[in-house]
Amino acid sequence: MAGPAGPLRATRGRPVGNVTRGTTNPNRMRRVDRWLTGPQAWRLRRAVDPLVVDLGYGATPATAVELFERLQCIRPDVRVCGIEIEPERVRAGHLLSKPGLSFHRGGFELPIAGNPVLVRAFNVLRQYEEADVPGIWALVQDRLGVNGLFVDGTCDEIGRRATWVALDASGPLSLSMSIRFGSFTAPSELAERLPKALIHRNVPGEPVNALLQAMDRQWLEAAPLASFGQRQRWQAMCQGLRNAGWPVHDGQVRWRLGELTVDWAAVAPLR
């Protein structure tokens, strides 16, 4: 979608950003989409204009198509706009356009009419410098509609591990992590997929490092549940974190999916 060279230096008539490798795979975004159609579904239900953006969908439009199909279960009249900066990727998207699903050339300026209620950008900002992130966040936040949410996330190539920051117009709200059971030894393995704003902060003294270490400790304490499977052990880990004072969102319904969400304030970088 866009790369590290001057992402906010907009030129009249040109998209904000630069072309990047754009690798993607079908069903790669299922974990974040499940979250958008779960705890965040109320945003789409209440939206006067159910406009959604898949920002930087990559070399193929598959994830934008999947997002459209998944959100239709919440709002049959949803409109999903896939945005990419590379013209050939946009042309490939046009072949799959249909009522409610369209594709556009652009970048972080979001070259569409209206203010989206959801903007999903996955594996995009990961290719930027950490210093670029606040400005990019602000650019997208300024375009959000009422109750709008911007999701900046990262996942592995086939979607087994994913993390994302959720922001509204006022700033970051939460960090979510989701992992496939059976694909890890310790929860802290999610560190390799932290969003750009946090991936360089997984060092002693930083809050996100403290969270990952606390997850591992609770995971070890829940070892007696291992015979019942990782799902039961993960749920015990989440409850243990909450008991220890971490601001953990949701409850067993989300935890049993291999998901954990905490307040952004608990993991925000110190400097």
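What counts, and at which threshold
Residues numbered from 1 in each chain as written. Predicted model: local features only at pLDDT ≥ 70, side-chain atom pairs only at ≥ 80, totals over all residues. Heavy atoms only, no water. Axes fitted to C-alpha atoms, helices over the stretch in contact; angles between N-to-C directions. Helix = DSSP H or I, 4+ residues; strand = E, 2+ residues; numbered from the N terminus. Parallel < 35°, antiparallel > 145°, perpendicular 65-115°, else oblique. Left-handed = near helix turned anticlockwise from the far one by under 90°. Contact = heavy atoms within 4.5 Å. Nonpolar A, V, L, I, M, F, W, Y, C, P; charged D, E, K, R; others polar. Expected span 1.5 Å × (residues − 1). Buried < 20%, exposed > 50% of the residue type's maximum accessible area, 1.4 Å probe, protein only. pLDDT = per-residue confidence, 0-100. Pairing = 2+ DSSP bridges. Right-handed = clockwise from strand over helix to strand, strands pointing away.

Trainee: Which parts of the structure should I look at to understand the packing of helix α7 (residues 207-221) against helix α8 (residues 230-243)?
Mentor: Each pair of packed helices gets described by two things: the angle between the helix axes and the distance between those axes. At a closest axis distance of 8 Å, the pairing of α7 and α8 adopts a crossing angle of 125°. It follows that α7 is oblique to α8 by the angle criterion. The two elements α7 and α8 meet at a crossing, and its hand is right-handed. On α8, the residues that touch Ala214, Met215, Gln218, Trp219 and Leu220 of α7 are Gln230, Arg233, Trp234, Met237, Gly240 and Leu241. Its residues placed into classes, the contact of α7 with α8 shows 7 nonpolar, 3 polar and 1 charged.

Trainee: What's the story with α8 in this structure? I'm lost.
Mentor: Each turn of an α-helix holds 3.6 residues, which means side chains three or four residues apart point in the same direction. Counted at 1.5 Å a residue, the expected span for α8 with its 14 residues is 20 Å, and the 20 Å between its end C-alpha atoms agrees. Residues of α8 that are buried: Arg233, Trp234, Gln235, Met237, Cys238, Gly240 and Leu241. Looking at the packing, one finds that the buried side of α8 touches β7 (171-179), α7, α9 (252-255) and β8 (259-263). Count one or two residues on from α8 and you reach glycine 245, which has phi positive near 105°.

Trainee: Hey, could you run me through the confidence of the model for the protein chain in this one?
Mentor: Parts of the model with low pLDDT should not have their predicted coordinates read in detail. When pLDDT is averaged along the protein chain, the result is 93, and 93% of the positions lie at 70 or above. Ignoring residues within four places in sequence, the model shows residues 1-7, a span with pLDDT below 50, making 35 contacts including any to other chains.

Trainee: Can you help me understand the pairing of strand β1 (residues 51-55) in this one?
Mentor: The side chains of a regular strand alternate between both faces of the sheet. Summarising burial for β1: 5 of the 5 residues are buried, a large majority. Burial along β1 is two-sided: Leu51, Val53 and Leu55 and Val52 and Asp54, pointing in opposite directions, are all buried. Relative to strand β2 (residues 79-84), β1 is paired through 5 bridges, and the arrangement is parallel. Its bridge partner being in β2, leucine 51 is matched across the sheet by arginine 79. Read from β1 through helix α3 (residues 62-71) to β2, the crossover connection turns out right-handed. The pairing of β1 with strand β4 (residues 118-122) spans 3 bridges and is classified as parallel. Each residue of the ladder has a partner; that of valine 53, found in β4, is valine 119.

Trainee: Quick question: what am I supposed to make of the environment of aspartate 168 here?
Mentor: With respect to the secondary-structure elements, aspartate 168 resides in strand β6 (residues 161-168). Note: C-alpha distance between aspartate 168 and leucine 144 (24 residues apart in sequence) is 7.5 Å. If we skip the residues at most four places from it in the chain, aspartate 168 touches Gln141, Leu144, Gly148, Leu149 and Leu173.

Trainee: It is not clear to me how unusual backbone geometry should be interpreted in this structure. Could you clarify?
Mentor: Phi is mostly negative for residues that are not glycine, and the peptide bonds are mostly trans. Positive phi values are uncommon outside glycine, yet leucine 110 reaches one of about 55°. If you trace the backbone, leucine 110 turns up in the loop between β3 (101-105) and β4. Given the relative accessible area of 1%, leucine 110 is considered buried. At asparagine 123, a residue that is not glycine, the phi angle is positive and equals roughly 60°.

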